[in-house]
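Fold and geometry: a report
Letter by letter, the chains look like this.
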Amino acid sequence: MNLKFNQLSNAIRFLSIDAVQKANSGHPGMPMGMADVATVLFKYHLRFNPKNPNWINRDRFILSAGHGSMLLYSLLYLTGYKSISIDDIKNFRQLNSICAGHPEYERGTGIETTTGPLGQGLGNAVGMAIAEEILRKKFGPTLINNKTYVIASDGDLMEGISHEAMSLAGHLKLKNLVVFFDNNKISIDGSTSLSVSDNYKKRFESYGWNFLEINGHNEKQISKAITKASKANKPTVISCKTIIGFGSPNKSGKASSHGSPLGDEEIALVRKKLKWNNDPFEIPEDILYAWREIGKKGIELEAKWLETLDKKNSNIKSTLKDTYIESDLKNLEDLIKKEKTKYFESKPSMATRQCSSAAIESISSILPQLIGGSADLSGSNNTKTNNSKVISSKNFDGNYIHYGVREHGMAAVMNGLALYSGLIPYGGTFLIFSDYCKPSIRLAALMGLKVIYIFSHDSIGLGEDGPTHQPIEQLNGLRAIPNLNVFSSC
């Protein structure tokens, strides 16, 4: 590695080290270990524009390993996002700071989703990759062709949701999805060998993913792997062998660098070892300039994209802008009034889920951005209507996803669909299985996303199925989640 590259990645390392030390709380080890991978990605491959963080065709960068949040904040500051200043970084983990302990989604900041509960970011990324395929099919590959990149930790891949989400991604052949596995073999309790001995290559290849192995501190290997992944016809996992706490003489490769500050004495040793002779939070001008130049490349990328958009016909331009960028729900209120009047006058005898299905059918006829689905209960939830067109790996020209028996995965994927731009996902299962969705529902509420859950079989009068299927405490549990609207038929 040339000196310049080392200096670029060291800027991430020391911002992370200094912020965690000042807060006296946080996770320095992961940003120190993955700084090289992130630097290669942002310098050579990622298409993004700090001047317009909402550009619809930007590549999405998801930090599923949310505990390493200082990696993300450092990158956003260094590349010139207005959302994060050096003072924000100095305020890491403090009340009301945008640099929260784990990334918290805020539109237009470069923080693409809220992560921290492990595995959730992976599920969101699968949703974003599906959204990209849906919009690419609608508007063509010259307008929509972005990649979704994820950094995932050992912990992300231990969580059960990683199986559900990655299995679905492999099934749908989401070729624009790339996961960097931070394979540092360390968890909070110590070596990952205490609890896991999976053969990752066999695991991911069995899902239908490519699996590449590299040295996560070798600039050329990292870049070559990303180039290879970008040309693949299925999703790719790049297993990056990294050293947690890279550069720390006494704590690198150890659990002690994972979740607590390194301490002043150790930081002095890291500065010496990595030849970083700068004060805390000080980035030398030439290094900051080089990072800002990396950020500026996106201005030209978006300008070229706008030229392409300008050549499209007015119908394509207005649909993209109104429906998917500005999320205009025109005619919805009129339709709801009309439907309510119709049913009030005809007073049909219908089961609640049939009423739900009729409403979905009417609404989906005027809202192409509505993307439905069910966790293998389409016929029971009545989520699939005459207007539903099934999405498959061969055809993304649809509005309905068969999620299979993957409730948790479905809920996390729906969050990703909602985060991408303009899409409104809904998904169905039995109310009892809302327990399987709960972590993702909670995050959707925290982020204020437009995600709709249809929970049928919500009565305790499900005698034949027995107590395992009787929702007793579920409704109260959902109502206790702040910012979640719960409507129950009565």
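Our structure's up above, just so we're on the same page.
Residues numbered from 1 in each chain as written. Predicted model: local features only at pLDDT ≥ 70, side-chain atom pairs only at ≥ 80, totals over all residues. Heavy atoms only, no water.

Read from one edge of the open sheet, four strands run β9-β8-β10-β11, paired in parallel fashion. The outermost strands of the open sheet, each flanked by one partner alone, are β9 (400–402) and β11 (452–456). Neighbour-to-neighbour, the strand axes of this sheet turn through a mean angle of 20 degrees, independent of strand direction. Of the strand pairs in this sheet, strand β10 (residues 424–430) and β11 are connected by five bridges, and their pairing is parallel. Looking across to β11, one finds that G427 is bridged to Y453. Lying on the sheet, helix α17 (residues 434–447) is in contact with β10 and β11; it crosses β11 at an angle near 160 degrees. (Pairing = 2+ DSSP bridges. Helix = DSSP H or I, 4+ residues; strand = E, 2+ residues; numbered from the N terminus. Axes fitted to C-alpha atoms, helices over the stretch in contact; angles between N-to-C directions. Contact = heavy atoms within 4.5 Å.)

Take unusual backbone geometry next. Notably, N96 is not glycine yet its phi reads approximately 70 degrees, a positive angle. Structurally, N96 is set in the loop between α4 (86–90) and α5 (120–139). One non-glycine residue with positive phi stands out, namely K347, at about 40 degrees. As for its placement among the helices and strands, K347 is situated in the loop between α13 (332–346) and α14 (352–366). Look at K347 and you get exposed, because its relative accessible area is 59%. (Buried < 20%, exposed > 50% of the residue type's maximum accessible area, 1.4 Å probe, protein only.)

A word on the packing of α5 against helix α7 (residues 160–171). How two helices pack is summed up by the angle between their axes together with the distance between the axes. Viewed as axis vectors pointing N to C, α5 and α7 meet at an angle of 20 degrees, and their least axial separation amounts to 8 Å. One way to sum up the angle between α5 and α7 is to call them roughly parallel. Where α5 crosses over α7, the handedness of that crossing is left-handed. Seen from α5, the contacting residues are Q120, L122, G123, V126 and I130; seen from α7, they are I161, S162, A165, M166, L168 and A169. Partitioning the contact of α5 with α7 into residue classes produces eight nonpolar, three polar and no charged. (Parallel < 35°, antiparallel > 145°, perpendicular 65-115°, else oblique. Left-handed = near helix turned anticlockwise from the far one by under 90°. Nonpolar A, V, L, I, M, F, W, Y, C, P; charged D, E, K, R; others polar.)

Here we come to the packing of aromatic side chains. Scanning the entire structure with this criterion turns up 15 aromatic pairs. Here the aromatic residues F181, Y200, F204, Y207 and F211 are joined through ring pairs into a cluster of three or more. The ring of Y420 carries the charged tip of R60 above its face, separated from the ring centre by 4.1 Å. Stacked on the ring of F344, the Lys or Arg K347 has its end atom at 4.4 Å from the ring centre. (Phe/Tyr/Trp six-rings, centres within 6.5 Å; stacked < 30°, edge-to-face > 60°. Lys NZ or Arg CZ within 6 Å of the ring centre and 35° of its normal.)

All right, on to the nonpolar core then. With 67 residues, the main nonpolar core has I130 and L417 as its most contacted residues. A total of 10 residues in this core trace back to one element, the largest contributor, which is α5. When neighbours within four sequence positions are excluded, I130 is seen to be in contact with L168, L172, L174, F396, I401, V413 and L417. In this structure, Y81, I89, A225 and V270 belong to the second largest nonpolar core, which totals 65 residues. (Core = buried A, V, L, I, M, F, W, Y, C linked by side-chain atoms within 4.5 Å.)

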